[in-house]
Amino acid sequence: MQDKRLQDLTLAELWELFPIVLTAHNPQWSVWAEEEVRLLSSLLVKYHPIISYIGSTAIPDIQAKPIVDILVEISPDIEWQSLKDIFEHNGYICMSESETRISFNKGYTPAGYADRVFHVHVHRTGDNDEILFRDYLIANPESAKEYETLKLSLLPEYRNNRDGYTEDKTEFVKKIVGLAKAN
């Protein structure tokens, strides 16, 4: 499998090569996020993006996948192809694309995870529930711990099934976003 390029691997092979791993909170994650946000700001300057550090690594004191998530909000009138070209020219891999969202990864190698791994979620401006989720969990440590417990409980079943892992967290995420919007 080591000789194959990432795009040639099956989903099962990718999940085996990149299992879900949860680790204790690492203060370096915020440093890496700041550096990546600066890079993205310079790469996308002409698009006037709103860039936010999101995801579990942005929430102190809970275990997380050691993957830094960043949300880039872009005006709805900007074409995806110009963004894809910029990202792909700078070492990101396009992982999914729809009319309203596109996601990129960086730090995935044929040998497994690099030291720094990033998921960059590009959404249309205002599509940013991830910020509400992050801010609610930061402000409510007991909910953050509940989220950590849920993730740890899912790990044995979904270590090599990212889609199942994400799907089984969906109800909790929706609940927290609802609470955040109600405040």
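Calculation rules
- All residue numbers refer to position in the chain's written sequence, counted from 1.
- Restriction of local features to residues with pLDDT of at least 70 applies here, the model being predicted, together with a cutoff of 80 or more for giving and counting side-chain atom pairs; totals for whole chains, interfaces and linings are based on all residues.
- As a convention, hydrogens and water are excluded, and side-chain values are obtained from all of the structure's heavy atoms.
- Numbering of helices and strands runs from the N terminus, with a helix taken as a DSSP run of H or I at least four residues long and a strand as a DSSP run of E at least two residues long.
- Only protein chains enter the area calculation, which uses a 1.4 Å probe; residues under 20% of their type maximum are buried, those over 50% are exposed, and those in between are partly exposed.
- Residues counted as positive are Lys and Arg, residues counted as negative are Asp and Glu, and His and the chain ends are not counted.
- Throughout this description, the term salt bridge denotes a Lys or Arg side-chain nitrogen within 4 Å of a carboxyl oxygen of Asp or Glu.
- Paired strands, as defined in this entry, are two strands with at least two bridges between them according to DSSP.
- Every axis in this analysis is a line fitted to C-alpha atoms, fitted for helices over the stretch in contact. Angles between the N-to-C directions lie between 0 and 180 degrees.
- For this analysis, residues touch if any pair of their heavy atoms sits within 4.5 Å.
- Geometry of aromatic contacts follows a simple scheme: Phe, Tyr and Trp rings, the Trp one being its six-membered ring, pair when their centres are within 6.5 Å, and the pair is stacked under 30 degrees between planes, edge-to-face over 60, tilted otherwise.
- By the criterion adopted, a ring carries a charge over it if an Arg CZ or a Lys NZ lies within 6 Å of its centre and within 35 degrees of its normal.
- If an angle is under 35 degrees, it is roughly parallel; if it is over 145, roughly antiparallel; if it lies from 65 to 115, roughly perpendicular; otherwise it is oblique.
- Crossing handedness is read from the near helix: turned anticlockwise from the far helix by less than a right angle, it gives a left-handed crossing, and turned clockwise, a right-handed one.
- Gly is put with the polar residues, along with every residue not named as nonpolar or charged; the nonpolar set is Ala, Val, Leu, Ile, Met, Phe, Trp, Tyr, Cys and Pro, and the charged set is Asp, Glu, Lys and Arg.

S.K.: Please set out the side chain of Lys-151 residue by residue, giving values where relevant.
M.R.: When you line up the elements, Lys-151 lands in helix α5 (residues 141-158). Lacking a salt bridge, the buried Lys-151 has Glu-148 as its closest oppositely charged neighbour, with an N-O distance of 7.2 Å.

S.K.: Account for the sheet that holds strand β5 (residues 112-124), naming residues and giving values.
M.R.: Read across the open sheet, the five strands follow the order β1-β2-β5-β4-β3; overall the sheet is mixed. Each edge of the sheet is formed by a strand with only one pairing partner; in this case those strands are β1 (50-54) and β3 (93-97). Shown here is a sheet whose adjacent strand axes are inclined to one another by a mean of 20 degrees, direction ignored. Pairing of strand β4 (residues 101-109) with β5 involves eight bridges; the strand directions are antiparallel. Paired with Arg-101 across the strands is His-123, a residue of β5. Sitting on the sheet, helix α2 (residues 28-43) touches β1, β2 (68-74), β4 and β5, and the angle it makes with β2 is about 30 degrees.

S.K.: Lay out the pairing of β1 in plain terms, naming residues and giving numbers.
M.R.: Within β1, four of the five residues are buried, which leaves the element mostly enclosed by the surrounding structure. Taken together, the five bridges between β1 and β2 define a ladder with antiparallel strand orientation. Within the sheet, the bridge partner assigned to Tyr-53 lies in β2 and is Ile-70.

S.K.: Which residues make up the packing of aromatic side chains, and what values do they have?
M.R.: By the definition in use, this model includes seven aromatic pairs. Aromatic side chains Phe-87 and Tyr-92 sit 5.0 Å apart centroid to centroid with 75 degrees between the ring planes, which places their arrangement in the edge-to-face category. Tyr-92 carries the same exposure label as Phe-87, and that label is buried. Pairing Phe-87 with Phe-104 gives two aromatic rings, centres 4.1 Å apart and planes at 5 degrees, and the pair type is stacked. Taken as a pair, Phe-87 in helix α3 (residues 80-89) and Phe-104 in strand β4 lie far apart in primary sequence, 17 residues in all. A network of ring pairs unites the aromatic residues Phe-18, Tyr-108 and Tyr-113 as a single cluster. A cation sits over an aromatic face here: Arg-124 above Trp-80, 3.8 Å from the ring centre.

S.K.: Explain the pairing of β3 residue by residue, including any values.
M.R.: Along any regular strand the residues' side chains alternate between the sheet's two faces. Bridge count between β3 and β4: four bridges; the pairing is antiparallel. The partner of Cys-94 across the bridge, within β4, is Phe-104. Hairpin connection, β3 to β4: the antiparallel pair is bridged by three residues.

S.K.: Break down unusual backbone geometry for me, with residues and values.
M.R.: Positive phi outside glycine occurs at His-48, with the angle close to 50 degrees. Along the polypeptide, His-48 turns up in the loop between α2 and β1. Residue class for His-48 comes out exposed when judged on its relative accessible area of 67%. Of note, Asp-61 is a non-glycine position whose phi angle comes to about 70 degrees, a positive value. Mapping Asp-61 onto the fold places it in the loop between β1 and β2.

S.K.: Quick one: what's the story with the packing of α5 against helix α6 (residues 162-182), residue by residue and with numbers?
M.R.: One way to put it is that α5 packs onto α6 with a least axis distance of 9 Å and a crossing angle of 160 degrees. Put simply, α5 runs roughly antiparallel to α6. Note on packing geometry: the crossing formed by α5 with α6 is right-handed. Each of Ser-143, Glu-146, Tyr-147, Leu-150, Lys-151, Leu-154 and Tyr-158 in α5 lies in contact with α6, whose residues at this interface are Arg-162, Gly-164, Tyr-165, Asp-168, Lys-169, Phe-172, Val-173, Lys-175 and Ile-176. Each residue belonging to the contact of α5 with α6 can be placed in one class, and the counts come to eight nonpolar, two polar and six charged.

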